[in-house]
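Breakdown of the fold
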Amino acid sequence: MKHFVDNHNLNEYINDVVEIVNPDQVVICDGSESEYKNLCTKLVNSGTFIALDKDKWPNCYACNSDPSDVARVEDRTFICTTNKDDVGPTNNWEDPAKMKHQLSALLKDSMTGRTMYIIPFCMGPIGSSFSKYGIQITDSPYVVVNMHITTRVHPTVLKKINEGYEFVKCLHSLGAPLLDKQVDKKWPCNPTVKYICHFPETNEIISYGSGYGGNALLGKKCFGLRISSYMAYKQGWLSEHMLIMGIENPQGEKKYFAAAFPSACGKTNFSMLIPPKELDGWKITTVGDDIAWIKLGSDGVFYAVNPENGFFGVAPGTNESTNPNAIATLSANTIFTNVGVTPDGDVWWEGLTKQPPSIVYNWKGELHDTNSDQKIAHPNARFSSPAIQCPSIDPNWESFEGVPISAFIFGGRRSASIPLILESFNWNHGVYNAATMASETTAAAFGEQGVVRRDPFAMLPFCGYNMANYFKHWIGFGERKIKLPKIYNVNWFRKDSAGKFIWPGFSENMRILKWIFQRINGKANALNTSIGYMPSYEDIDWGTTNFNKDDFNSIMSINKDEWLNELNLHLELFKKYNNQIPDEFYDINFNLQKSMKAD
Ligand code: GTP
Ligand code: SPV
Ligand code: MN
């Protein structure tokens, strides 16, 4: 056995992988700046990266992926456990031994002609009791540089593993061996075979065939949500698809909220919000934009940590007015994937400015035809930027103890039916609302877009175990003597009959946040409706906006028939979980139907 690292377990793992994938060479990464620079130069030389204009975009690069490899592949994502029932009806299941056997055949010689990188990384601030270690093995230098940004890559991780700390084994192969004299593709991947597999019982991930985002940066969705949610269930904490934000009132009182929205439904935007001018005394700070690891403190309060080190944010729609903090964040040291690039080293995406540049290459690398309505950036084009560059980054974003959470907010993308803002009656009702929420599908996942589907807690693609048990896990906290956060539902995406968004969104969402903040302090009014507490027009601080009472009523309106139908659909949904969902859900449904009918 060859000696790569001191830890016996890890060394054995690396040797086993080398034996199967047969790389040209093995490199152990240290996360250093020089490592980053050298790999970027390598990626420029191989044609994967385009170095952007140095003055306008210092230390920034752009690249285009293969058209077969632009988003997460949910139908190719598997949770492999001994018992099928442990993954529930919302996950693809396979037997671990069978899947590993299948993958071994695919992985055989899959790194021929390539360098195998070993990335020691940490999810969470290194040294915090929240944090967890991982070793990603990959044959993609693009993945290495992105892991530098989105996770904490550091030699300390190897030291900690040596001391006996656990680690998650994350194996990633592009599934594109480079045979003799073959010229490499700009975006090597396997265009036809992709597998994103999780083995929560043994803390392992094997990803094959894709080099993109959550499929390949294994710290993010695979470890940071699927494997960790399984750990969280077993160990009594929560791993959530949530942003974490700080909110401070003009008197300097500060709270933290965690909010779950499905992919490409506004987490990054919300976490970096800049309040409208007239609410100037209010301040938003950013702890995280995508993942929250949440533990109960000994004081009975939930504390949250962002396990990531950077953002992998949606580019389209991001501009100086919708999200100025994101624009500032991505202004340097950023990797752009699938945006448009101009011949003079500038980038562009839909929504960045009104007009595209006169000459621009689209995300497929083709010269954009100004007369065509083809997209210049892919709708799931992303920027990878260090979180520390965000002007609104919270001073406590790397706190070892996490930040105390006083509200959970859940939001979907719903063009009809769902009101702008709703406060749940109590914990169980909030859990029910989160469990039954639905959202229109987006470009973040491969497949049809704009289809309404149930996406409980915005965790449908990310829960590493049976979702019915996940609901019970959440309900369980309500039975304990702890300081339960209030739970809210929001919907920024309701449309009028002409198909236009009714709510202006973005910085205007601050008005809703202010109401939530004051509700928690017992200082804001609400109407007690049959579906929960809702503000009346007068309860929201409108300042000088011209968003009038009619607009508000239309975005808050509850159609009795639609809701009764919705409540019946919830019962259908519960059947899909083989009625293993918490008993409380049936009582809540019954009571909601009763009060709705009585209204
Ligand atoms: P993931 O990284 O995929 O988990 O997504 P995310 O939830 O962080 O999504 P993000 O904030 O990047 O938003 C995705 C899209 O939603 C962008 O195109 C935004 O412009 C749009 N968006 C965000 N907030 C709002 C809002 O308040 N109103 C409207 N209409 N659109 C919004
Ligand atoms: C999401 O799809 O929710 C993302 C992007 O945050 S990815 O990392 O590709 O999963
Ligand atoms: Mn996400």
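About the criteria used
- Residues numbered from 1 in each chain as written.
- Chains lettered and ligands numbered in written order.
- Predicted model: local features only at pLDDT ≥ 70, side-chain atom pairs only at ≥ 80, totals over all residues.
- Heavy atoms only, no water.
- Pairing = 2+ DSSP bridges.
- Helix = DSSP H or I, 4+ residues; strand = E, 2+ residues; numbered from the N terminus.
- Phe/Tyr/Trp six-rings, centres within 6.5 Å; stacked < 30°, edge-to-face > 60°.
- Buried < 20%, exposed > 50% of the residue type's maximum accessible area, 1.4 Å probe, protein only.
- Lys NZ or Arg CZ within 6 Å of the ring centre and 35° of its normal.
- Domains from an automatic or database assignment.
- Contact = heavy atoms within 4.5 Å.
- Buried area = accessible area lost by both parts, 1.4 Å probe.
- Salt bridge = Lys/Arg side-chain N within 4 Å of Asp/Glu carboxyl O.
- Near = heavy atom within 4 Å.
- Polar contact = N/O pair within 3.5 Å; in protein donor to acceptor, adjacent residues only side chain to side chain.
- Areas by Shrake-Rupley, 256 points an atom, 1.4 Å probe, with all protein chains shown as cover.
- Nonpolar A, V, L, I, M, F, W, Y, C, P; charged D, E, K, R; others polar.
- Axes fitted to C-alpha atoms, helices over the stretch in contact; angles between N-to-C directions.
- Parallel < 35°, antiparallel > 145°, perpendicular 65-115°, else oblique.
- Donors = N, O, S within 2.8 Å, 3.2 Å for Na, K, Ca; no water.
- Tetrahedral: all angles 85-135°; square planar, octahedral: opposite > 155°, others 65-115°.

**Things to note about the sheet that holds strand 18 (residues 310-314)**
- Strand order in the open sheet made by the 5 strands is 2-3-19-22-18, with mixed pairing throughout. Two strands lie at the open edges of the sheet, namely strand 2 (50-51) and strand 18, each paired on one side alone.
- The sheet contact formed by strand 19 (residues 335-337) and strand 22 (residues 382-386) spans 3 bridges and is antiparallel. Across the sheet, T337 pairs through a bridge with R382, a residue of strand 22.

**Here we look at the packing of aromatic side chains**
- The final tally for this structure, using the stated rule, is 45 aromatic pairs.
- Ring plane angle 65 degrees and centroid distance 4.7 Å describe the contact between Y142 and W187, whose orientation is recorded as edge-to-face. Taken as a pair, Y142 in helix 4 (residues 141-150) and W187 in the loop between strand 9 (167-173) and strand 10 (195-199) lie far apart in primary sequence, 45 residues in all.
- Relative accessible area serves as the criterion here: at 3%, Y142 is assigned to the buried category.
- By relative accessible area, which is 6% here, W187 ends up buried.
- Judged by centre distance (5.4 Å) and plane angle (80 degrees), the ring pair of F425 and Y533 falls under edge-to-face. Here F425 is found in the loop between strand 24 (421-423) and helix 10 (427-435), whereas its partner Y533 is found in strand 29 (residues 533-534), with 108 residues between them in sequence.
- For Y533, a relative accessible area of 23% puts it in the partly exposed group.
- For K100, the ring lying beneath its charged end belongs to F199, and the centroid distance is 4.8 Å.
- Positioned over the ring face of F130 is K295, at 5.2 Å from the centre of the ring.

**Re the domain arrangement of the protein**
- For the protein, the domain assignment lists domain 1 (8-46 + 74-236) and domain 2 (240-308 + 395-598).
- The straight-line distance from the C-alpha centre of domain 1 to that of domain 2 is 32 Å.
- At the interface, 35 residues of domain 1 touch 35 residues of domain 2.
- Contact with domain 2 buries surface across domain 1, with E74, F130 and Y233 losing the most and accounting together for 24% of the total.
- With its nearest N and O atoms 2.7 Å apart, the salt bridge here joins K221 to D290.

**Details of the site of ligand 1**
- Taken together, 21 residues lie around ligand 1, and A264, K267, T268, R382 and F506 are the ones closest in.
- Side-chain polar atom of K267 to an oxygen atom of ligand 1: 2.7 Å apart, as the coordinates give it.
- P316 places a polar main-chain atom, nitrogen or oxygen, 2.9 Å from an oxygen atom of ligand 1.
- When the free accessible area of ligand 1 is taken as 670 Å², the share hidden by the protein chains comes to 92%.
- By residue number, the principal contributor to the shell around ligand 1 is helix 8 (residues 267-271), which donates 3 residues.

**A closer look at the site of ligand 2**
- Looking at ligand 2, the residues that line it are R72, G213, G214, K220, K221, H241, S263, D290, F312, R382, A444 and F462.
- The contact in question runs from an oxygen atom of ligand 2 to an N or O atom on the backbone of G214, over 2.8 Å.
- Look at ligand 2: alone it shows 280 Å² of surface, and the protein chains cover 98% of it.
- Breaking the shell around ligand 2 down by element, the ones donating at least two residues are helix 6 (213-216) and helix 7 (219-235).
- Of the residues in the shell around ligand 2, the class split is 3 nonpolar, 4 polar and 5 charged.
- Each of domain 1 (8-46 + 74-236) and domain 2 (240-308 + 395-598) accounts for three or more of the residues forming the shell around ligand 2.

**Regarding the packing of helix 10 against helix 15 (residues 583-598)**
- In the contact formed by helix 10 and helix 15, the axes pass within 10 Å of each other and the chain directions differ by 90 degrees. By the angle between their directions, the pair helix 10 and helix 15 is classed as roughly perpendicular. Two secondary-structure elements touch here, helix 10 through N428, H429, V431, Y432 and A435 and helix 15 through E584, F585, I588, N589 and L592.

**Observations concerning the pattern of salt bridges**
- Applying the stated criterion to the full structure yields 22 salt bridges.
- Among the salt bridges present, the one from K220 reaches D290, with a minimum N-O distance of 3.0 Å. Residue K220 is located in helix 7, and its partner D290 is located in the loop between strand 15 (283-288) and strand 16 (292-296); the two are separated by 70 residues in the primary sequence. The residues K220 and D290 share a single accessibility class, namely buried.
- Linked by salt bridges that have partners in common, K220, K221, K267, D290 and E308 make up one network.

**Remarks on the side chain of S65**
- The topology assignment puts S65 in the loop between strand 3 (61-63) and strand 4 (77-80).
- Within polar-contact distance, the side chain of S65 engages the backbone oxygen of D69 at 2.9 Å.
- S65 has contacts with V70, W187, Y212, N338 and W363, leaving out every residue within four places of it along the chain.

**Here we look at the coordination of the manganese ion (ligand 3)**
- The protein atoms donating to the manganese ion (ligand 3) are K221 (NZ), H241 (NE2) and D290 (OD), with metal-donor distances spanning 2.1 to 2.3 Å.
- Around the manganese ion (ligand 3) sit 6 donor atoms, and with donor-metal-donor angles ranging over 74 to 174 degrees the site reads as octahedral.
- The motif formed by the donor residues of the manganese ion (ligand 3), counted along the single chain, is K-x19-H-x48-D. Of this pair, K221 sits in helix 7 while H241 is found in the loop between strand 12 (238-240) and strand 13 (242-248), placing the two residues 20 residues apart along the sequence.
- Taking relative accessible area as the criterion, K221 reaches 5% and is therefore assigned buried.
- Residue classification places H241 among the buried residues on the basis of a relative accessible area of 1%.

**Considering helix 10**
- Across the 9 residues of helix 10, 8 count as buried, placing the element largely inside the fold.
- Buried within helix 10 we find W427, H429, G430, V431, Y432, N433, A434 and A435.
- Where helix 10 starts, the residue carrying a side-chain oxygen 3.3 Å from the main-chain nitrogen of N428 turns out to be N426.

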